[in-house]
Amino acid sequence: MELNEVEEIYDSISPAQINLRSFETKEKLNPKLWDENGELNSSIRKRLLTIAMDFYDSLNIETLPKDIIIVGSNAGYNWSKYSDIDLHLLIDFSEINDDADLLKNYFSTKKITWSAQHNITIRGYEVELYVQPTDEQNASDGVYSLVKNEWLQIPKAKDIRLNKKLITHQAAKVINLIDKYVEEFNSGLNRKELEALNIKADKLYKLIFQSRRDGLKQFGEGATNNIVFKVLRRSGHLEALRDLKFNIYDELETI
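Because the structure is a prediction, the values reported are computed rather than measured. Here the residue index of a chain counts from 1 through its sequence in written order. In keeping with the model being predicted, local features are shown solely for residues with a pLDDT of at least 70 and side-chain atom pairs are shown and tallied solely at 80 or more, while totals for entire chains, interfaces and linings include all residues. Note that the side-chain values use all heavy atoms of the structure and ignore hydrogens as well as water.

1. Side note on the overall build of the chain
Item 1. Each helix is a run of H or I in the DSSP string that is no shorter than four residues. Each strand is a run of E no shorter than two, and both are numbered from the N terminus. A tally of regular secondary structure across the chain gives six helices and six strands.
Item 2. Going from the N terminus to the C terminus, the chain shows its helices and strands as α-β-β-α-β-β-β-β-α-α-α-α.
Item 3. Here the globule rule is a power law, 2.2 Å times the number of residues to the power 0.38, and the radius of gyration is based on C-alpha atoms. For 255 residues, the compact-globule estimate of 2.2 N^0.38 gives 18 Å, and the C-alpha radius of gyration of the chain, at 19 Å, lies within 12% of that figure.
Item 4. Considering the chain as a whole, with its 255 residues, one finds that 45% of them fall into the buried category.
Item 5. For the chain, the proportion of contacts with a sequence separation of at least 24, taken over those separated by at least 6, is 75%. In this scheme, a residue with accessible area under 20% of its type's maximum is buried, one over 50% is exposed, and one in between is partly exposed, where area comes from a 1.4 Å probe on protein chains only. Contacts were defined at the residue level, with two residues in contact if any of their heavy atoms lie within 4.5 Å.

Right under this line is the structure:
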């Protein structure tokens, strides 16, 4: 199932109501983070290195990061006031365990725990931490090494042509479906109905993230499914879907 195959419901929002203006390409790198010469502001670099190593300490592993990098929209020209600072620790998984999936789940849990305990912003931008395997390719237009203090991949100020009609159409469908699921939960469901809703909500949640990963890998930052993901995050619907999954779980496990 693809994201564009999501059930179409227009109860609360239409594609025309979704504003994509903030996704337009900027003429220069974010001046709050980057100096005129294209280097990361020195005080910000030191702060991000400290945050990254504090996060690393929470992982309880002996393998040191091969590098610490910034990727995503704030490492390129499609940044906005909604952008995060995507801070990635590059770890060679093979030095820890042969089971990559096990490690991904472990690091994901550690990230969730860290995020629940900390709310760190740099110049108004949230810091989003991630443990990246060294053999994982970056879909980001720009990649900046904090350790080397240099660009590993220099971003280009290219005009990303968004398929606005498709993006707004898909985003509206998903937003309305999430609203529908939340409304169903709040209406009061029996156990069988809760179990069915749990399956649907979990399937949609996984689909949103998988579609974003696939889009980034194939088309980069301007991928339709990546922009849809960002629309859902900015509107609060991604968080609403995650909270719904937690609430359903609590209901099912409560006696």
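On we go.
2. Topic: unusual backbone geometry
Item 1. At Asn-60, a position not held by glycine, the phi torsion is positive, near 60°.
Item 2. By the element assignment, Asn-60 lies in the loop between helix H1 (42-59) and strand S1 (67-71).
Item 3. Judged by relative accessible area, which is 58%, Asn-60 ranks as exposed.
Item 4. With a phi angle near 55°, Asn-149 is a residue other than glycine that sits in the positive phi range.

3. Examining the packing of aromatic side chains
Item 1. Here is the rule: rings of Phe, Tyr and Trp (six-membered ring for Trp) pair when centre to centre is within 6.5 Å. Planes less than 30 degrees apart are stacked, more than 60 are edge-to-face, and the remainder are tilted. Under the definition given, this model contains eight aromatic pairs.
Item 2. Between the aromatic rings of Tyr-205 and Phe-209, the centroid separation amounts to 4.9 Å while the plane-to-plane angle is 50°, which identifies the pairing as tilted. Residue Tyr-205 and its partner Phe-209 are located together in helix H4 (residues 191-219), separated by four residues, close to a single helical turn.
Item 3. Geometrically, a lysine NZ or arginine CZ counts as sitting over a ring once it is within 6 Å of the ring centre and also within 35 degrees of the ring normal. Positioned over the ring face of Trp-79 is Lys-26, at 5.3 Å from the centre of the ring.

4. Considerations on helix H3 (residues 164-186)
Item 1. Here, expected helix span is obtained from the residue count minus one, scaled by 1.5 Å. With 23 residues, H3 should reach 33 Å at 1.5 Å per residue; the first-to-last C-alpha distance of 33 Å fits that figure.
Item 2. Looking at the residues trailing H3, positive phi occurs at Gly-188, about 90°.

5. So, the sheet that holds strand S4 (residues 125-133)
Item 1. Strand pairing follows a simple DSSP-based rule, namely that at least 2 bridges must link the two strands. Ordered by their spatial adjacency, six strands build an open sheet running S3-S4-S2-S1-S5-S6, and the pairing between neighbours is mixed. Edge positions in the sheet fall to strand S3 (121-122) and strand S6 (150-153), since each of these pairs with one other strand and no more.

6. Considerations on the nonpolar core
Item 1. Among buried residues, those of type Ala, Val, Leu, Ile, Met, Phe, Trp, Tyr and Cys that are joined through side-chain atoms within 4.5 Å constitute a nonpolar core. Within the largest apolar cluster, 33 residues are counted, with the highest numbers of intra-cluster contacts made by Leu-40, Leu-48, Ile-70 and Leu-87.
Item 2. Listing elements by their share of this core, those giving two or more residues are H1, S1, strand S2 (85-91), helix H2 (100-117) and S4.
Item 3. Among the elements that make up this core, the one with the highest residue count is H1 (seven residues).
Item 4. When sequence neighbours within four positions are dropped, the list of residues in contact with Leu-48 reads Leu-40, Ile-70, Ile-85, Leu-87, Ile-122, Val-127 and Leu-146.
Item 5. Counting residues in each nonpolar core, the second largest holds 31 residues, with Ala-172, Tyr-205, Ile-227 and Val-231 among its members.

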